[in-house]
Amino acid sequence: MSANDRPTGQPSQTYDSAFLKACRREPVPHTPVWFMRQAGRSLPEYRKVREGTQMLESCMRPDLVTEITLQPVRRHKVDAAIFFSDIVVPLKAIGIDLDIKPGVGPVVAQPIRRREDLAQLRDLTPEDVSYVTEAIGMLTGELGTTPLIGFAGAPFTLASYLVEGGPSKNHEHTKALMYGDPELWADLLDRLAEITSAFLKVQIEAGASAVQLFDSWVGALAPADYRRSVMPASAKVLESVASYGVPRIHFGVGTGELLGLMGEAGADVVGVDYRVALDEAARRVGPGKALQGNLDPAVLFSTPEAVEAKADEVLAAAAGLEGHVFNLGHGVLPTTDPDALTRLVDYVHTTTAR
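Residues numbered from 1 in each chain as written. Predicted model: local features only at pLDDT ≥ 70, side-chain atom pairs only at ≥ 80, totals over all residues. Heavy atoms only, no water.

**Q** What is the right way to read the overall build of the chain from this model?
**A** A count of helical and extended segments in the chain gives 15 helices and 9 strands. Whereas a compact globule of 354 residues would reach a radius of gyration of roughly 20 Å, the chain reaches 19 Å, a difference of no more than 12%. Overall size of the chain, expressed as C-alpha extent along the three principal axes, is 55 × 45 × 45 Å. By the burial criterion, 58% of the 354 residues in the chain qualify as buried. Of the roughly 14,200 Å² of accessible surface on the chain, a fraction of 51% belongs to carbon and sulfur atoms. Separation between the mean location of the 34 positive side-chain charges and that of the 45 negative ones in the chain comes to 1 Å. (Helix = DSSP H or I, 4+ residues; strand = E, 2+ residues; numbered from the N terminus. Rg over C-alpha atoms; globule rule 2.2 N^0.38 Å. Buried < 20%, exposed > 50% of the residue type's maximum accessible area, 1.4 Å probe, protein only. Areas by Shrake-Rupley, 256 points an atom, 1.4 Å probe, with all protein chains shown as cover. Lys, Arg positive; Asp, Glu negative; His and termini not counted. Charge placed at Lys NZ, Arg CZ, Asp CG, Glu CD.)

And the structure:
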């Protein structure tokens with residue numbers, strides 16, 4: 001089964017949504033819009049509901065996850081909700097000693113740099129993340145015909161956090177391991193691919209209509225290194241959920257040189273950051289894939305007229321695509337005016353109505 005096939009059993013409420021149609025490269029009533037990090041720090045209602053609650057705790061409380069995921073759908077009228085979570089949730093769930101430090105990001109107590117460190121990475125079971133299943137059950141009931149996107153961090157990005165011990169600009173330890181002990185590196189990524197696959201399966205089986213694999217740091221690699229040392233693990237994850245027939249989106253930052261390979265890894269939709277125009281991205285990715293993107297998030301700080309002009313450029317570059325999901329070329333920045341996002345959704349919907 002592929003994302004172009006209607007799932008077996010009862011057609012889901014979301015099957016004929018503009019978002020899923022675009023992912024399947026079918027005609028749409030308007031270009032669908034959603035934003036990465038749309039449920040987050042730019043929304044005052046998000047900051048209010050999160051007051052006094054640590055990030056990881058918020059991800060493990062179904063009531064909070066449900067409320068936060070719904071906020072941007074209510075406010076912005078986006079065409080899809082993205083499940084509120086964090087890429088390190090499955091690692092925390094299997095017992096990795098880590099925390100998300102405000103202003104820093106995920107910090108790992110015992111970085112993985114030797115073979116014996118792999119023992120920290122046990123298999124993920126649905127019971128480990130029962131709060132995810134519960135939250136998605138609540139969400140799909142509330143969302144009705146609006147699709148829910150499940151997500152997970154890709155093996156390379158998870159490995160980078162685990163090996164570095166936290167966020168890194170240059171990925172020194174990660175690359176040292178990748179080049180210096182390719183066998184250990186391959187085993188690490190394979191183990192992470194298993195965990196990530198299990199996490200995505202839980203989300204799909206609970207009711208997610210699509211999934212996105214985030215490879216936030218993979219733009220740090222040259223194409224040859226990506227193909228040899230990373231692509232097999234990402235391909236394994238994407239293949240592991242192929243039989244569900246839900247669209248699989250693959251996104252990375254700074255990945256202009258990797259777009260073709262990221263599509264080759266098995267995505268139905270390739271996310272494009274703001275550095276490469278969508279018509280050029282389509283040339284690099286090749287036929288048979290929808291594209292997602294790719295307005296520069298910083299544009300939203302300009303005047304409404306400037307935002308519309310830049311949105312027009314994105315839509316013009318997307319005019320010849322087989323399928324296009326409008327998004328930013330990275331996540332919503334924390335100090336973005338929420339009204340700018342609401343206006344942008346309305347503008348794209350109005351401009352592209354067919």
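**Q** Even after reading the chapter, I still don't get helix H7 (residues 155–164), so can you show me in this structure?
**A** What sets the pattern is the α-helix's 3.6 residues per turn: residues three or four places apart point alike. Across the 10 residues that make up H7, a large majority, 10, are buried. Phi turns positive, to about 90°, at Gly165, one or two residues after H7.

**Q** Before we go on, may I ask you to explain the sheet that holds strand E9 (residues 324–328) in this structure?
**A** Strand pairing within a sheet occurs via backbone hydrogen bonds; the two strands may be parallel or antiparallel. The sheet built from 7 strands is open, its strands ordered E1-E4-E5-E6-E7-E8-E9 with parallel pairing. Two strands bound the open sheet, and with one partner strand each, they are strand E1 (81–82) and E9. Relative to strand E5 (residues 210–215), strand E4 (residues 148–153) runs parallel, the two being bridged by 5 bridges. Its bridge partner lying in E5, Phe151 is registered against Gln212. (Pairing = 2+ DSSP bridges.)

**Q** Which parts of the structure should I look at to understand the nonpolar core?
**A** Within the largest apolar cluster, 125 residues are counted, with the highest numbers of intra-cluster contacts made by Phe19, Leu121, Leu188 and Leu344. Per-element accounting of this core gives the leading share, 13 residues, to helix H9 (residues 182–206). (Core = buried A, V, L, I, M, F, W, Y, C linked by side-chain atoms within 4.5 Å.)

**Q** Hey, could you run me through the side chain of Asn327 in this one?
**A** By secondary structure assignment, the location of Asn327 is in strand E9. A polar contact is formed between the side chain of Asn327 and the backbone nitrogen of Met36, at a distance of 3.2 Å. Excluding anything up to four places from it in sequence, Asn327 contacts Trp34, Phe35, Met36, Gln292, Gly293, Asn294 and Leu295. (Polar contact = N/O pair within 3.5 Å; in protein donor to acceptor, adjacent residues only side chain to side chain. Contact = heavy atoms within 4.5 Å.)

**Q** Teacher, can you tell me more about the environment of Met55 here?
**A** On the secondary structure map, Met55 appears in helix H3 (residues 55–59). Residue Met55 is classed as buried on the basis of its relative accessible area of 16%. The spacing of Met55 and Lys101 is 46 residues in sequence and 8.6 Å in space, taken between C-alpha atoms. Among residues more than four places away in sequence, those in contact with Met55 are Tyr46, Arg50, Phe84, Ser85, Asp86 and Ile100.

**Q** Could you clarify how one ought to interpret the UniProt feature "site: Transition state stabilizer" (unreviewed entry) in the chain in this entry?
**A** With numbering matched to this structure, UniProt assigns "site: Transition state stabilizer" (unreviewed entry) to Asp86. By the secondary structure assignment, Asp86 is in the loop between E1 and helix H5 (89–93). Assessed through its relative accessible area of 17%, Asp86 is described here as buried. The residues touching Asp86, leaving out its near neighbours within four places in the chain, are Met55, Cys59, Ile100 and Phe151. At 3.0 Å, the side chain of Asp86 and the backbone nitrogen of Val88 are in polar contact. (UniProt positions renumbered as here; feature names shortened; annotations may be inferred.)

**Q** Even after reading the chapter, I still don't get the packing of aromatic side chains, so can you show me in this structure?
**A** The relation between two aromatic rings is expressed through the spacing of the ring centres and the mutual angle of the planes. Scanning the entire structure with this criterion turns up 5 aromatic pairs. An angle of 65° between the planes, with centres 5.9 Å apart, marks the rings of Tyr46 and Phe84 as edge-to-face. With Tyr46 in helix H2 (residues 44–50) and Phe84 in the loop between E1 and H5, this pair connects stretches of sequence that are 38 residues apart. On the accessibility criterion, Phe84 (6% relative accessible area) is buried. Plain terms: the ring middles of Phe151 and Phe214 are 5.3 Å apart, the flat faces sit at 80° to each other, and that makes the pair edge-to-face. In this pair, Phe151 sits in strand E4 while Phe214 sits in strand E5, placing the two residues 63 residues apart along the sequence. (Phe/Tyr/Trp six-rings, centres within 6.5 Å; stacked < 30°, edge-to-face > 60°.)

**Q** How should the pattern of salt bridges be read in this particular structure?
**A** One pass over the structure, following the stated rule, counts 20 salt bridges. We note a salt bridge from Asp268 to Arg248, for which the minimum N-O separation is 3.0 Å. Highlighted residues: Asp268 in the loop between helix H12 (259–264) and strand E7 (269–271) and Arg248 in strand E6 (residues 248–252), separated in sequence by 20 residues. By the burial criterion, Asp268 is buried, and Arg248 matches it. (Salt bridge = Lys/Arg side-chain N within 4 Å of Asp/Glu carboxyl O.)

**Q** So what exactly am I meant to see when it comes to the UniProt feature "domain: Uroporphyrinogen decarboxylase (URO-D)" (unreviewed entry) in the chain here?
**A** Annotation from UniProt places "domain: Uroporphyrinogen decarboxylase (URO-D)" (unreviewed entry) at residues 32–41 and 149–165. Secondary structure over residues 149–165 splits into 59% helix and 29% strand, and the C-alpha atoms at its two ends are 28 Å apart.

**Q** Is there a simple way to explain the side chain of Ser58 in this structure?
**A** Tracing the sequence through the fold places Ser58 in helix H3. Under the relative-accessibility criterion, Ser58 is labelled buried at 0%. Excluding residues that lie within four positions of it along the chain, Ser58 makes contacts with Arg50, Thr53, Leu64, Val65 and Phe84.

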